[in-house]
2 protein chains.
Amino acid sequence: MKQTKFILSEKEMPTSWYNILPDLPKPLPPLLHPGTKEPTILPPPLFPSAIRDQEFSQERYIEIPEEVQEIYRTWRPTALHRAYRLEKALDTPAKIFFKYEGTSQAGSHKPNTAVAQAYYAKQDGIKRMTTETGAGQWGSALAMGCMFFGIELKVYMVKVSYNQKPYRRILMETWGAKCVPSPSPDTEIGRKILAEDPDSPGSLGIAISEAIEDAGPRDDTYYSIGSVINSVLLHQTINGLEAKKAMEKADAYPDIIVGCIGGGSNFAGLYLPFVKDKIEGKKQNLRIINVEPTACPSMTKGPYAWDYGDVAGMAPIVKMYTLGHTFIPPKIHAGGLRYHGMAPIICHLHHLGLVEAKAVPQVATFEAGIQFARTEGIVPAPEPNHAIRVVIDEALACKKSGESKTILLAHSGHGHFDMAAYDEYLSGRLEDYEYPDKLVKEALAQLPVVDYAEA
Amino acid sequence: MKQTKFILSEKEMPTSWYNILPDLPKPLPPLLHPGTKEPTILPPPLFPSAIRDQEFSQERYIEIPEEVQEIYRTWRPTALHRAYRLEKALDTPAKIFFKYEGTSQAGSHKPNTAVAQAYYAKQDGIKRMTTETGAGQWGSALAMGCMFFGIELKVYMVKVSYNQKPYRRILMETWGAKCVPSPSPDTEIGRKILAEDPDSPGSLGIAISEAIEDAGPRDDTYYSIGSVINSVLLHQTINGLEAKKAMEKADAYPDIIVGCIGGGSNFAGLYLPFVKDKIEGKKQNLRIINVEPTACPSMTKGPYAWDYGDVAGMAPIVKMYTLGHTFIPPKIHAGGLRYHGMAPIICHLHHLGLVEAKAVPQVATFEAGIQFARTEGIVPAPEPNHAIRVVIDEALACKKSGESKTILLAHSGHGHFDMAAYDEYLSGRLEDYEYPDKLVKEALAQLPVVDYAEA
């Protein structure tokens, strides 16, 4: 009998997250305050104290609170699958594994941090949280996280998505969150934008500003972000730690790890525990491929520069590969991959030569997603389709070279809320986008001037 | 540490299905031919030979073919969960377990039989299958099953659902099936109906007739049905056999088993292995509650009578609790529970006093589903919400009586394709339906006259 899935028991589920900061060969550049441009921390009125501590902690392993573990266990550990049927269809000697996060109640990896953030907010006596969401993936995960701890949640959802994609909004409401279209009349910035343009379609930048404005002055309210920052990547390492143990059960170790990156938390969560082996010199040939859309190619086309984390320039300045904080990427279906920058940890690792990056065009990612659905059965979300494209390409390269490499895919979730995108692909209406060279150039001209000297 | 989930290893996954027929205290009444009204078998040109054999087999355990087991292992075994958070919210001494089938690639239990049926068709050298679907749950599961074995599939989908619910149609297409709105111009009966009424919204009865007409005369094509018949219930017992082993791991045995019934395959699949214990006298106090909608109360309001399995009167006549084959139930959101009759095995067990039935109104089921989503995180499909209503009621009864009963719920799948129904509930637009007494009376007047004398 060929074993198809490798699953840890609940007792084997990791009880600590892995923090890569103390293991980095060179220290991570700091956050800079958007006003003073001096090193800073996550702003105290917006974030739980524990999260602020975690953000720059030098502890290698940070214990997962028992209450968070209890909730993790409602869906974790998640399975490591061997993709025998995809391998056969590709006629490749490569061994393809995928760690699948789509069995969480929200259908993706996002609850790993949502649950932790809601828990820490509760610990601080907080009763209410705010956040922004684009297509609704993050908003719904945080709605679930807040539900578990009885925290009220208000989600500012980009208006065009709010109107076009009602299902994720309803999912948030089903878990008890309040979701409003952004720009909304509920904040000063929202009212200002609506006064200028009552039909504004909104943007993630506006939604972030509204969520921060809402949380800022209120003692009972925290703001939450679903990716990019160190602590969010930390929470996602539960997945990589599980994957590493499960690979041991499969008696295998990856030669190549592939995942998609938007803000970076899904893929870094999987690979950081493996990067540790590479840093320690144990696995020097391990390749880690960060896959992004050609429509938003921050890692492959952007400079490694200081830039604001958000469109409005209110968030801290970070060192990252960026297309410029004012760049608005084309409307590809992988809404989770439309961020102008990238998690500083991923950028730092790339700068140090520990990981690589690759960009793939939209249509080819859906072709790959369909091949995955028609072999393994799982219909992936548009985001992991980007990674699947590269997995298939690498497996086909193995066929050519005759090498039997072991490939590990970070499969972040299912596409049950994204069927309209598959319809476009299947009916031949899906299009690729040109790399918006001119727009990026304009956005890069607006990078903040920083004279902070790195150590 | 409280263990939340009880999961078998792949090696522990059952390798045979359980067939209750040889264990029944009295034999199951036969199928009668719709024309001659004499005992008959499943029609050979429509069904695989193995399925026809299974339909009335007297073998207690029927081996699951290795190729089917291999595909089962892409998502099975599924987890048995302990619903600690729901128990706490209800403040009940009851222990609530649920066996969750929503982690299959199609999001429900339906692939358990879809995969088996496609396999057996392939064994007979069949290249093509047809089926009907209402809201699309069954059509998409069979699309997945046929995909695994390279069988072409044509799904006749009730036109009103085809237009209103495009996502399940796209899911079928993603797996490679062809899906057309029924009535279609592709069959004689479809053309006839369209000639009379080009705007016909279609019905499940029409779609069944089209799928059968399409498959009937073609040597390369079989017809497939997703519930009701003995062999489909047999395939679903994989779930009950797993549940029984997993309950052993949890060191528990249910006092009450609860599930929803439409055609009956989901719930019977879970409970038949437990009914065996009851028949053998080992667990005489075990209660098994079949839950149906008050809008379609075949078990609680229908007579135990001979009736056609389909609306058109082309399918065999079976002994079952029925509302009359011409009865069209109100358009509740639980599309899977809108069948006029019920699986003959379930009806027989009820007639023998081995299981009970209960009907619940729609709004109360969504109230229960929301409570489940807001405690366990999983947003259930409208069908299992019916069962969850009764689980909550039984758990609250335990609170009153102080009894610590063990309740096992058959949780058949998630509601990610049913968010519009939750929207109706949350916005106060969801309604209950009166039991359509007059319509049922009219339909019951059209039962076939049968003078077959039972043994």
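Everything below is about the structure shown above.
To start, this report covers the structure provided alongside it. (Residues numbered from 1 in each chain as written. Chains lettered and ligands numbered in written order. Predicted model: local features only at pLDDT ≥ 70, side-chain atom pairs only at ≥ 80, totals over all residues. Heavy atoms only, no water.)

**Some remarks on the sheet that holds strand β6 (residues 80–82) of chain B**
Residue and element names in this part refer to chain B. Pairing in this open sheet of seven strands is mixed, and the strands run β1-β6-β7-β17-β12-β13-β16 from one edge to the other. Unpaired on one side and paired on the other, β1 (5–6) and β16 (356–360) mark the two borders of the sheet. Where strand β13 (residues 287–293) meets β16, five bridges bridge the pair, whose relative direction is parallel. Each bridged residue has a counterpart across the sheet, and for V291 the counterpart in β16 is K358. Against the sheet, helix α11 (residues 265–279) contacts β7 (95–100), β12 (256–260), β13 and β17 (406–411), and its axis sits at roughly 160 degrees relative to β12. (Pairing = 2+ DSSP bridges. Helix = DSSP H or I, 4+ residues; strand = E, 2+ residues; numbered from the N terminus. Contact = heavy atoms within 4.5 Å. Axes fitted to C-alpha atoms, helices over the stretch in contact; angles between N-to-C directions.)

**Quick word on the nonpolar core**
The biggest cluster of nonpolar side chains holds 111 residues, and the ones touching the most others in it are W17, Y72, W175, I257, Y271, L272 and L349 of chain B. Apart from the residues within four sequence positions on either side, L272 of chain B is in contact with Y18, I20, L233, T237, I345 and L349 of chain B. Counting 110 residues, the second-largest nonpolar core is a separate cluster that includes A116, F148, L272 and L349 of chain A. (Core = buried A, V, L, I, M, F, W, Y, C linked by side-chain atoms within 4.5 Å. Buried < 20%, exposed > 50% of the residue type's maximum accessible area, 1.4 Å probe, protein only.)

**As for the packing of helix α8 (residues 188–196) of chain A against helix α9 (residues 204–215) of chain A**
Residues and elements named next belong to chain A. Running from N to C, α8 and α9 point in directions that differ by 140 degrees, and their axes come no closer than 8 Å. Considering the angle they form, α8 stands oblique to α9. In this structure, α8 uses E188, I189, G190 and I193 to contact α9, whose residues at the interface are I206, S209, E210 and E213. A class-by-class count of the residues in the contact of α8 with α9 yields three nonpolar, two polar and three charged. (Parallel < 35°, antiparallel > 145°, perpendicular 65-115°, else oblique. Nonpolar A, V, L, I, M, F, W, Y, C, P; charged D, E, K, R; others polar.)

**Remarks on the sheet that holds strand β12 (residues 256–260) of chain A**
Residues and elements named next belong to chain A. The mixed open sheet is built from seven strands, whose spatial order is β1-β6-β7-β17-β12-β13-β16. The sheet is open, and its two edges are formed by β1 (5–6) and β16 (356–360), each paired on a single side. Pairing of strand β7 (residues 95–100) with strand β17 (residues 406–411) involves six bridges; the strand directions are parallel. Looking at the pairing, F98 lines up with L409 of β17. Strand contacts of helix α15 (residues 382–401): β7, β12, β13 (287–293), β16 and β17, with the helix running at about 150 degrees to β12, the strand carrying the most contacts.

**What to know about the interface of chain B and chain A**
With 44 residues of chain B at the interface, the matching set in chain A holds 44 residues. Along the contact surface separating chain B from chain A lie four salt bridges. Among the ionic pairs, K5 of chain B bridges to E10 of chain A, the shortest N-O distance being 3.1 Å. Elements with a minimum of two residues in the side of chain B that touches chain A: α2 (66–72), α5 (137–148), α7 (166–174), α14 (362–376) and α16 (419–426) of chain B. (Salt bridge = Lys/Arg side-chain N within 4 Å of Asp/Glu carboxyl O.)

**Looking at empty space enclosed by the protein**
Using the criterion set out here, one finds five cavities of 30 Å³ or more in the structure. Forming the boundary of the largest cavity are 34 residues, of which T103 and S104 of chain A together with G102, T103 and S104 of chain B lie nearest the centre. Residues that form the lining of the largest cavity fall into these classes: 14 nonpolar, 18 polar and two charged. (1 Å grid on protein atoms, 1.4 Å probe; cavity = no way out; pocket = protein on both sides within 12 Å on 5 of 7 lines; lining within 4 Å. Points joined across faces, edges and corners; volume = space filled by probe spheres on them.)

**Some remarks on the packing of aromatic side chains**
This model, assessed by the stated rule, comprises 29 aromatic pairs over all chains. Between F98 of chain B and F372 of chain B the ring centres are 5.1 Å apart and the planes differ by 75 degrees, which places this aromatic pair in the edge-to-face class. A residue pair is termed long-range when its members are at least 10 positions apart, and F98 of chain B in strand β7 and F372 of chain B in helix α14 qualify at 274 residues. Summarising the burial analysis for this pair, F98 of chain B and F372 of chain B share the class buried. Cluster of aromatic residues (ring-pair linked, three or more members): F98, Y100 and F372 of chain A. We note K283 of chain A situated over the ring of Y253 of chain A; from NZ or CZ to the ring centre the distance is 4.1 Å. (Phe/Tyr/Trp six-rings, centres within 6.5 Å; stacked < 30°, edge-to-face > 60°. Lys NZ or Arg CZ within 6 Å of the ring centre and 35° of its normal.)

**Quick word on the pairing of strand β9 (residues 152–158) of chain A**
Residues and elements named next belong to chain A. Across the seven residues of β9, six count as buried, placing the element largely inside the fold. Bridge count between strand β8 (residues 128–133) and β9: six bridges; the pairing is parallel. In the strand pairing of β9, M129 is matched with L153. Handedness of the crossover joining β8 and β9 through helix α5 (residues 137–148): right-handed. (Right-handed = clockwise from strand over helix to strand, strands pointing away.)

**Looking at the relation of the copies chain B and chain A**
The two copies are related by a screw motion: chain B maps onto chain A through a turn of 180 degrees and a shift of 0.0 Å along the axis, at an RMSD of 0.0 Å. Such a turn and shift between the copies fits a two-fold axis. Minimal C-alpha distance to the rotation axis in chain B is attained by T103 of chain B, lying at 3.0 Å. Most of the interface of chain B is mirrored in chain A, where 100% of its interface residues again form contacts. (Least-squares fit on C-alpha atoms with pLDDT ≥ 70 in both.)

**Points about helix α11 (residues 265–279) of chain A**
Residue and element names in this part refer to chain A. The end-to-end C-alpha separation of α11 is 20 Å, in line with the 21 Å expected for 15 residues at 1.5 Å each. The axis of α11 is deflected most strongly, by about 45 degrees, at L272, and proline P273 appears within four residues downstream. Once α11 ends, the next one or two residues include G281, with phi positive near 80 degrees. (Expected span 1.5 Å × (residues − 1). Bend = angle between axes of the 7 residues up to and from the residue.)

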